[in-house]
Each structure stands twice: as structure tokens, then as C-alpha cells.
Amino acid sequence: MAMFTTMGTPMQNEAILTLVQWLSPAYPVGAFAYSHGLEWAVEAQDVRDSATLSAWLEDVLRHGAGWCDALFLAAAYRADDPTVVDSIAHAFAPSAERLQETTLQGAAFSKTTGQIWGTVLPALTYPVALGHSARLHDLPLELTLQLYLQAFMANLVTAGMRLIPLGQTEGQILIKFHTPLCVAIAEDAIEGTLDNLSSTAFLSDIASMKHEQQYSRIFRT
């Protein structure tokens, strides 16, 4: 007969489930409305199938918003005043839509989390809001980073499934394939600081700028 045991203490399990709730597609931050420029990339045929979407995801995670957001999240987690980190996150946004994407999701996260958990949270950019909240609730930084990156990546996969189109099984294969990369980036971000900020996913940044003028679109960014 199979034996099932609890993997952690009740407090550890609650922390995991809190993060799962915060980063669930059901949490009302409106993540489903944002493609992070992917909609333009599909329009331009830069992303057209599973292979090109996979390459796009890796670049964004390693060299674009994935890496930068991880550093912002970790810095906010450690900061006594998250607004200092937040001002840098604002300045680092490469386009108007990217700024809208992070500020609107962050404001929605802060408002919802404050109402549910009874904490007063300022309107912050999304990774900064999540990092600050994780600190306030004594949630583990490494796990917060891992789940944030996976949720960010999975949201882009979901957008790709709608745009290319891509089958659900293919989409889930991509999420599984890129999850170890999320873990690796989280580990690197813990050791990094804001001095390590660097974004070289230029095609993704340009796509977000082009999307602002895209004639027909279903995503906000």
C-alpha cells in the first residue's frame, strides 16, 4: 500500500499554498490580458510554432524581464523601503506598455492582497509588490522567485497557445521544459543585486513598442 507523508511543517506548507494562491491565474491581477509583446512577435512571424516560442521564452527569462524582475523581487524582499527599488523598476521599463503591464498588475496585487490579508500595501510594480509582500508574510525568498518566474513564463505560454495557435499539450510541455530554467534564474538572483541588472532581449523590447501601434490585437501589451 502506498504511504503518503507531509513534506514539510504546517507553517511551511501554508507558505507554499499562499504563494500558489498569489501566483495562480485565478488571482485577480489580470495577467491573462498581457502578452509582453508576444502578440506582435506572432504577427511579425518571429514566433510561429513551439520551437520559436521556446526560444523566445528562454531569451526573455535569461536576458530580459525574467532576470530583471527576479532581481527587483529579491531586492524588494530585502529592502526596508520598497519604494526605492520600485523607482528603479519604473525607470528600467523599456516601453510604455511594459510600464503599464508591471504597474497595473502590481497595483492590483497590492490591493487584493491587502484586502485579504489585512495589510497596508502601497501600489508598487508587480515584482516589487510580490517581493515586499513575501517579506511581510515571512515567505521563503527562493520559492517566491521560482514560482514567480514559472507563473510569468506560463502566462506567456498561455498567450502563445491563443495566438499561434498551440495545442494545450504542447503548451504544458513547454512549461515543464522551462521550469528548471526558472529554478536556475531564481538561484542566481538570490546571489545578485541591482548592480547586476541587464536586459539584452532587444527583440522582445521592440515587440512591446511595436504592439502599441498594432492595428488588431487582443492583449493589452
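Here the structure is shown first, and the text comes after it.
Described below are features of the structure shown in this document. (Residues numbered from 1 in each chain as written. Predicted model: local features only at pLDDT ≥ 70, side-chain atom pairs only at ≥ 80, totals over all residues. Heavy atoms only, no water.)

As for the packing of helix α1 (residues 10-22) against helix α6 (residues 96-117)
Right, so step 1: At their nearest, the axes of α1 and α6 sit 12 Å apart, and the two run at 135 degrees to each other. One element, α1, and the other, α6, form an angle in the oblique class. Where α1 crosses over α6, the two elements pack in a sense that is right-handed. Facing α1, whose interface residues are T18, Q21 and W22, α6 presents F109, T113 and W117.
Right, so step 2: Its residues placed into classes, the contact of α1 with α6 shows three nonpolar, three polar and no charged. (Axes fitted to C-alpha atoms, helices over the stretch in contact; angles between N-to-C directions. Helix = DSSP H or I, 4+ residues; strand = E, 2+ residues; numbered from the N terminus. Parallel < 35°, antiparallel > 145°, perpendicular 65-115°, else oblique. Left-handed = near helix turned anticlockwise from the far one by under 90°. Contact = heavy atoms within 4.5 Å. Nonpolar A, V, L, I, M, F, W, Y, C, P; charged D, E, K, R; others polar.)

Digging into the environment of I116
Right, so step 1: Along the chain, I116 falls in helix α6.
Right, so step 2: Taking the C-alpha atoms as reference, I116 lies 29 Å from W67; in sequence the two are 49 residues apart.

With respect to the nonpolar core
Soluble globular proteins tend to pack their nonpolar side chains together in the buried interior.
Right, so step 1: Counting residues in each nonpolar core, the largest one holds 62 residues, and the members touching the most others are W22, L38, V47, L53, L61, F109 and L149.
Right, so step 2: Residue assignment for this core shows that the elements contributing at least two residues are α1, α2 (38-43), α3 (50-63), α4 (65-78), α5 (82-92), α7 (126-136), α8 (141-163) and α9 (168-191).
Right, so step 3: For this core, the element with the highest residue contribution is α8, accounting for 13 residues.
Right, so step 4: With near-sequence residues (within four places) excluded, W22 lies in contact with Y27, F109, T113, W117, Y126, L130, S133, A134, H137 and L139. (Core = buried A, V, L, I, M, F, W, Y, C linked by side-chain atoms within 4.5 Å. Buried < 20%, exposed > 50% of the residue type's maximum accessible area, 1.4 Å probe, protein only.)

Overview of the pattern of salt bridges
Right, so step 1: All told, the structure shown has four salt bridges when counted by the stated rule.
Right, so step 2: Two residues, E58 and R62, come together in a salt bridge whose shortest N-O distance is 2.9 Å. Of this pair, E58 and R62 both sit in helix α3, four residues apart, roughly one helical turn.
Right, so step 3: For E58, a relative accessible area of 30% corresponds to the partly exposed category.
Right, so step 4: For the salt bridge of D205 with R98, the shortest nitrogen-to-oxygen distance reads 3.0 Å. Pair noted here: D205 is in helix α10 (residues 202-211) and R98 is in helix α6, with a separation of 107 residues, a long-range link.
Right, so step 5: Exposure remark for R98: the relative accessible area of 8% places this residue in the buried category. (Salt bridge = Lys/Arg side-chain N within 4 Å of Asp/Glu carboxyl O.)

What to know about the side chain of S110
Right, so step 1: In this fold, S110 is placed in helix α6.
Right, so step 2: Since its relative accessible area comes to 4%, S110 is described here as buried.
Right, so step 3: Side-chain polar atoms of S110 contact the backbone oxygen of P122, separated by 2.9 Å.
Right, so step 4: Once you skip the residues sitting within four places of it in the chain, S110 turns out to touch L121, P122, A123, L124 and A129. (Polar contact = N/O pair within 3.5 Å; in protein donor to acceptor, adjacent residues only side chain to side chain.)

Things to note about α1
Right, so step 1: With 13 residues, α1 should cover 18 Å at 1.5 Å per step; its first-to-last C-alpha distance of 18 Å lies within 8% of that length.
Right, so step 2: When we look at burial in α1, the residues that qualify are A15, T18, L19 and W22. Seen from one end, α1 has its buried residues packed into an arc of 95 degrees, which puts them on one side. Facing away from the buried side of α1, by more than 90 degrees, are the exposed residues P10 and L17.
Right, so step 3: Looking at the buried residues of α1, the elements they touch are α6, α7 and α8. (Expected span 1.5 Å × (residues − 1). Arc of directions from axis to C-beta.)

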